[in-house]
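What the coordinates show
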There are 2 protein chains.
Amino acid sequence: MELSQIISNCKDCGYRSWAFKNLSPEELKQLNNKKVEIFFRKGEHVCMEGDEISSFMYLRNGLVKLYKTETNTREHIISIAKPKDFIGLLSIFSNTNHIYSITAIEDSVVCFVDLNVIKSFINTNGAFALDFIEKISSISDSVIKTRIDINTRQLRGRIAYILLLFAKHVYDSNKFSFPISRKEVAELIDMSTENVIRVLSEFRKDKLIHIEGKNIEIIDIKRLEKIYELG
Amino acid sequence: MELSQIISNCKDCGYRSWAFKNLSPEELKQLNNKKVEIFFRKGEHVCMEGDEISSFMYLRNGLVKLYKTETNTREHIISIAKPKDFIGLLSIFSNTNHIYSITAIEDSVVCFVDLNVIKSFINTNGAFALDFIEKISSISDSVIKTRIDINTRQLRGRIAYILLLFAKHVYDSNKFSFPISRKEVAELIDMSTENVIRVLSEFRKDKLIHIEGKNIEIIDIKRLEKIYELG
DNA sequence: TATCACTTATGATATATATCATAATATATA
DNA sequence: TATATATTATGATATATATCATAAGTGATA
């Protein structure tokens, strides 16, 4: 694992107003002193299942996957986190060790904030605490919602879901490069790798999408949405 | 829906030390004034998808199911909540309206605490806020873990899971009365009603359990655990 | 460049699961 | 109590999905 630390200041961070708007200048200085910002190349581990929890992790840039290792050759991906997501989920507040592993699936920048600092802010700054609970609630709940959305659908609906997820919520474009392999898609939506490939081929034959290796273009989003809605 | 309000005092509540231990006597009085404790008979709705959120709901007694309505005849159960659980999940902090419905599956007592009072405690009482985040985190995360546990298993593993869940975590006994119908089990673990019944029959034939209507007794917990572990 | 491992691809087959059909039993309701 | 309705039960069949097998393409690396 290669770590390269980035030196930047919380008070100038574009996301400050979003996640840490209720901190005083003094608290921001504290935050800045107790955070490390680390660059991860695609494929590098951010943290591993079992590691001791010491930081609150915040994705500034890139894309990471949150997963559990099932067997030697298979993982189970719980979610894909985007910038502004708190990537450790809530277990960091109720466990001493990580119950998930996190790996960058694109070049990413993760902010590691000393968990004790966050806790002290919660303890002393009520406005921050309230805002903080709202933010973590929203992310945690959307993970639950996504799991249900996926598991109540069958294969074509799941693939449609993933395509729409990347197009709408990650890349904001109908044309994007798949950041994960077909095998990882399979691990994310609970199906076999072969069937992920097969359904993508079907979608191509049905002229719903263009595929060229990792590059995907959605060409009939209306019909794709219908497939998703029907399950 | 029949509501019967119960008059009891928070300061005498057996669960106070668990959920609200960091409140001052003054705050406890405030809590007491802004809470309603309601008795629900089995089958009665605690709240419905779409209802406006105004309370933080806490299960004192009984058992409730949290679910989304899929079609006229089918629901999707997200979780079964036990006493001490915050039954609204975290969406109550990030939404204005409930995204799940809640129904009692056993006679239950639910405490409704004005959400604004909880928020004001978070705002002004740091120790409470910290403890509170730990509690809601733990419940939210266990919902995610349960969903994964269920969906990575096949039918026999799922039924084993549910049986063990009720025996170990709900009733603390190998002998219990199933609080939900086979159809509801199916809705909870994403399988067809017929197959829930079928697998239960198989388990009976394999001498893993005794069944007599709703009454279940686990007679070979070791083998049941093995089936669960194998998936 | 040559070799190796991994990913994508597709067909054939096996397996898991859902659906349909029917009946017995239990539960609710008039 | 009688009747309707929902639940439990089981077999037969259809469908969805996984697994196995094979091959071509891709990327890493020595």
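All of these numbers come straight from a predicted model, not from anything done at the bench.

Let's shift gears to the protein's contact with DNA strand D. Around DNA strand D lies a shell of 16 residues, among which A:Gln154, A:Asn195, A:Arg198, B:Arg182 and B:Ser201 are the nearest. Protein-proximal atoms of DNA strand D, defined as those within 4 Å of the protein, fall in sugar or phosphate at a share of 51%. Here A:Arg198 contributes a side-chain N or O atom positioned 2.9 Å from a base oxygen of DNA strand D. Taking B:Arg182, its main chain carries an N or O atom lying 2.9 Å from a phosphate oxygen of DNA strand D. Contributing elements (two or more residues each) for the surface near DNA strand D: helix 8 (193–205) of chain A together with helix 8 (193–205) of chain B. No other element matches the 5 residues that helix 8 of chain B contributes to the surface near DNA strand D.

The next point concerns the relation of the copies chain A and chain B. When chain A is brought onto chain B, the operation consists of a screw motion whose angular component is 180 degrees and whose axial shift is 0.0 Å, with 0.0 Å RMSD remaining. Such a combination of turn and shift is consistent with a two-fold rotation axis. Identified as the residue of chain A closest to the rotation axis by C-alpha distance is A:Ile144, at 3.0 Å. When the interface residues of chain A are mapped onto chain B, 100% of them again fall at the interface, so both copies present the same face.

With phi around 55 degrees, A:Asp172 is a residue other than glycine that occupies positive phi space. As for its position among the elements, A:Asp172 is in the loop between helix 6 (155–170) and strand 9 (175–177). Residue A:Asp172 is classed as exposed on the basis of its relative accessible area of 67%. For B:Lys84, which is not glycine, the phi torsion reads 85 degrees and is therefore positive. Following the sequence through the fold, B:Lys84 ends up in the loop between strand 6 (75–81) and helix 3 (91–94).

With that out of the way, let us pick up the interface of chain A and chain B. In this complex, chain A contributes 31 residues to the contact, which on the side of chain B involves 31 residues. The contact between chain A and chain B buries some 2,800 Å² in all, and 70% of this surface belongs to carbon and sulfur atoms. Looking at the side of chain A facing chain B, the largest losses of area belong to A:Ile133, A:Asp141 and A:Ile144, adding up to 20% of the total buried there. One can count 0 salt bridges joining chain A with chain B. For the pair chain A and chain B, the interface holds 7 residue pairs in polar contact (both at pLDDT 80 or more). Where the side of chain A that touches chain B is concerned, the elements lending two or more residues are strand 6 (75–81), helix 3 (91–94), helix 4 (115–124) and helix 5 (126–151) of chain A. Sorting elements by how many residues they give to the side of chain A that touches chain B places helix 5 of chain A first, with 16 residues. Tallied by class, residues from the side of chain A that touches chain B come to 16 nonpolar, 10 polar and 5 charged.

Another aspect to go through is the domain arrangement of chain A. Residues and elements named next belong to chain A. Domain boundaries assigned for chain A yield domain 1 (4–148) and domain 2 (153–230). Once you take the C-alpha centre of each, domain 1 and domain 2 turn out to be 27 Å apart. Facing the 16 residues of domain 1 at the interface are 14 residues of domain 2. The largest per-residue losses of area from domain 1 upon contact with domain 2 belong to Arg74, Ile77 and Ile80, which jointly make up 32% of the total buried on that side. At the boundary of domain 1 with domain 2, the tally comes to 2 salt bridges. Across the pair Lys65 and Glu184 runs a salt bridge, and its minimum N-O distance is 2.6 Å. Applying the counting rule to domain 1 against domain 2 returns 8 residue pairs in polar contact (both at pLDDT 80 or more). Among the elements of the structure, strand 6 and helix 5 are those that each provide at least two residues to the side of domain 1 that touches domain 2.

Here we come to the nonpolar core. Counting 95 residues, the largest nonpolar core has A:Phe56, A:Ile122, B:Phe56 and B:Ile122 as its most contacted members. What B:Phe56 contacts, discounting residues up to four positions off in sequence, is B:Phe20, B:Phe86, B:Ile92, B:Cys111, B:Phe112, B:Val113, B:Leu115, B:Ile118 and B:Phe132.

The next thing to look at is the environment of A:Ile150. All names here are of chain A. Tracing the chain through its elements places Ile150 in helix 5. With a relative accessible area of 1%, Ile150 lands in the buried category. Counting along the chain gives 12 residues from Ile150 to Ile162, while the straight-line C-alpha distance between them is 8.8 Å. Those residues in contact with Ile150 that sit more than four places away from it in its chain are Arg158, Tyr161, Leu188 and Ile189.

Turning next to the protein's contact with DNA strand C. Taken together, 16 residues surround DNA strand C, and among them A:Arg182, A:Ser201, B:Gln154, B:Asn195 and B:Arg198 come closest. Of what DNA strand C places within 4 Å of the protein, 51% of the atoms are sugar or phosphate. Contact distances for DNA strand C include 2.9 Å between a phosphate oxygen and a backbone N or O atom of A:Arg182. B:Arg198 places a side-chain nitrogen or oxygen 2.9 Å from a base oxygen of DNA strand C.

Residue and element names in this part refer to chain B. If you check which residues of helix 9 (residues 221–230) are buried, you get Leu224, Glu225, Ile227 and Tyr228. Buried residues of helix 9, viewed axially, fall in a sector of 160 degrees; they line one side. Among the exposed residues of helix 9, those pointing more than 90 degrees away from its buried face are Lys222, Lys226, Glu229 and Leu230. Against helix 5 (126–151), helix 6 (155–170), helix 8 and strand 11 (215–218) lie the buried residues of helix 9. Note on helix 9: the residue one or two positions beyond its end, Gly231, has a positive phi of about 95 degrees.

Thresholds, definitions, all that
- Residues numbered from 1 in each chain as written.
- Chains lettered and ligands numbered in written order.
- Predicted model: local features only at pLDDT ≥ 70, side-chain atom pairs only at ≥ 80, totals over all residues.
- Heavy atoms only, no water.
- Near = heavy atom within 4 Å.
- Polar contact = N/O pair within 3.5 Å; in protein donor to acceptor, adjacent residues only side chain to side chain.
- Helix = DSSP H or I, 4+ residues; strand = E, 2+ residues; numbered from the N terminus.
- Least-squares fit on C-alpha atoms with pLDDT ≥ 70 in both.
- Contact = heavy atoms within 4.5 Å.
- Buried < 20%, exposed > 50% of the residue type's maximum accessible area, 1.4 Å probe, protein only.
- Buried area = accessible area lost by both parts, 1.4 Å probe.
- Salt bridge = Lys/Arg side-chain N within 4 Å of Asp/Glu carboxyl O.
- Nonpolar A, V, L, I, M, F, W, Y, C, P; charged D, E, K, R; others polar.
- Domains from an automatic or database assignment.
- Core = buried A, V, L, I, M, F, W, Y, C linked by side-chain atoms within 4.5 Å.
- Arc of directions from axis to C-beta.

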